[in-house]
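# Fold and contact review
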Amino acid sequence: MLWIIISPSFQSWHPAEAIRSHHDSSHRFSFRKAAEYSNAAECGSGGSRIPAEISICDPNLVHVAITLDVEYLRGSIAAVNSILQHSLCPESVFFHFLVSETNLETIVRSTFPQLKFKVYYFNPRIVRNLISTSVRQALEQPLNYARNYLADLLEPCVSRVIYLDSDLVVIDDIFKLWTTSLNNRTIGAPEYCHANLTKYFTAGFWSDESFPDTFSDRKPCYFNTGVMVIDLVKWRQGRYTKKIERWMEIQKSNRIYELGSLPPFLLVFAGHVAPIEHRWNQHGLGGDNVRGSCRDLHPGPVSLLHWSGSGKPWLRLDSKRPCPLDENWARYDLYKISQ
């Protein structure tokens with residue numbers, strides 16, 4: 001069962017009555033209030049403020065889904081701030097926050113008083129028995145798998161959503177990504193066809209009589225699931241959540257991959273992805289799982305910086321050992337040390 005918690009502008013009861021955490025760690029965080037961002041005149045509202053009670057089903061909204069948890073909250077807040085700063089129509093961006101444990105809604109509301117958002121509770125029990133051990137413990141967290149269930153969690157009237165990880169900043173207008181054509185595909189993402197796809201699966205996968213046939217009728221390319229545009233209508237029609245879950249069940253008994261939530265997406269979608277410009281996911285800035293290592297940008301224009309990997313910019317900045325590109329993240333950081 002998927003439990004859904006609605007933000008104050010959409011609810012008549014307090015979310016704390018529905019989400020009971022064993023330990024509420026939200027008191028550890030304090031953020032500066034973000035600046036107010038208003039739509040430009042060309043957004044269609046004549047520059048006037050869009051009412052806060054706008055319907056989630058409004059066809060003019062841009063829908064963005066991001067997870068919220070204690071460990072990555074600082075990153076999520078910075079990601080939201082970056083999106084608002086660079087949007088021509090920030091009031092037209094609607095955020096869908098996925099949570100599993102603590103009630104962090106009050107922090108979001110106090111930091112972004114005008115933000116249009118809704119908070120959804122993703123029950124960890126849905127995937128707990130499907131998750132296998134990974135190369136990094138962080139990749140085993142149930143909330144990493146919430147993206148698999150967006151079609152169930154979000155309202156049926158939401159037909160498209162941008163899913164973003166919590167360790168990135170957007171430095172371009174999110175509307176450009178929103179309007180990217182998916183060419184009749186279910187998901188769109190930057191593809192990296194030069195990457196060696198075989199390394200994402202075990203020798204047991206490739207030596208099996210039937211598993212490799214999964215890719216036999218397509219040309220699979222690696223893509224990073226931290227930035228995706230998803231057609232939720234096609235997802236629901238194709239029952240892709242069940243297809244991903246099936247591969248996770250196979251993994252439990254056959255150990256066909258080592259790396260968290262990514263391989264099931266590759267098995268289901270690689271070769272069937274609408275390619276999006278690489279500028280929308282300059283990933284790997286977290287050091288490719290090598291703690292303390294620094295990465296440079298890939299050649300070409302940049303619209304989104306993504307600190308995928310184990311090195312997170314806020315941790316390196318706090319330890320006074322930042323990588324050069326971490327300063328690009330710091331300008332969106334609203335965290336302040338509590339006195």
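Let me begin by describing the structure that accompanies this report. In this text the structure is predicted, and so the values were computed from the model without any measurement.

Here is what the cut-offs are and how they apply
- Residues numbered from 1 in each chain as written.
- Predicted model: local features only at pLDDT ≥ 70, side-chain atom pairs only at ≥ 80, totals over all residues.
- Heavy atoms only, no water.
- Helix = DSSP H or I, 4+ residues; strand = E, 2+ residues; numbered from the N terminus.
- Buried < 20%, exposed > 50% of the residue type's maximum accessible area, 1.4 Å probe, protein only.
- Contact = heavy atoms within 4.5 Å.
- Areas by Shrake-Rupley, 256 points an atom, 1.4 Å probe, with all protein chains shown as cover.
- Pairing = 2+ DSSP bridges.
- Right-handed = clockwise from strand over helix to strand, strands pointing away.
- Expected span 1.5 Å × (residues − 1).
- 1 Å grid on protein atoms, 1.4 Å probe; cavity = no way out; pocket = protein on both sides within 12 Å on 5 of 7 lines; lining within 4 Å.
- Points joined across faces, edges and corners; volume = space filled by probe spheres on them.
- Nonpolar A, V, L, I, M, F, W, Y, C, P; charged D, E, K, R; others polar.

### Let's talk about the overall build of the chain
When its secondary structure is counted, the chain shows 11 helices and 11 strands. Burial statistics for the chain: of 339 residues in total, 55% are counted as buried. Summarising the internal contacts of the chain: among those between residues at least 6 apart in sequence, 74% fall at separations of at least 24. Carbon together with sulfur atoms contributes 49% to the accessible area of the chain, which is approximately 15500 Å² in total.

### Re the pairing of strand S2 (residues 93-99)
Most of S2 is tucked away: 7 of the 7 residues are buried. Neither face of S2 is open: one carries Val93, Phe95, Phe97 and Val99, the other Phe94, His96 and Leu98, and all of them are buried. Strand direction decides the pairing type here: strand S1 (residues 62-67) and S2, joined by 6 bridges, are parallel. Bridge pairing in S2 links His63 to Phe94. Crossover S1 to S2 through helix H1 (residues 73-86) is right-handed. The sheet contact formed by S2 and strand S3 (residues 116-121) spans 6 bridges and is parallel. Of the residues in S3, the one forming a bridge with Phe97 is Val119.

### Points about helix H8 (residues 240-254)
For H8, spanning 15 residues, the distance from its first C-alpha to its last is 21 Å, which sits close to the expected 21 Å at 1.5 Å a residue. Taken together, the buried positions of H8 are occupied by Tyr240, Thr241, Ile244, Glu245, Trp247, Met248, Ile250 and Gln251. Those residues of H8 that are buried are in contact with helix H4 (150-153), helix H7 (232-238) and helix H9 (262-269). Two residues or fewer past H8, Arg255 is found with a positive phi of approximately 50 degrees.

### Some details on empty space enclosed by the protein
Summed over all chains, the structure comprises 2 cavities of 30 Å³ or more. Lining of the largest cavity is provided by 15 residues; of these, Ala35, Tyr37, Leu84, Gln114 and Leu115 occupy positions nearest its centre. In the lining of the largest cavity, the residues fall into 9 nonpolar, 2 polar and 4 charged.

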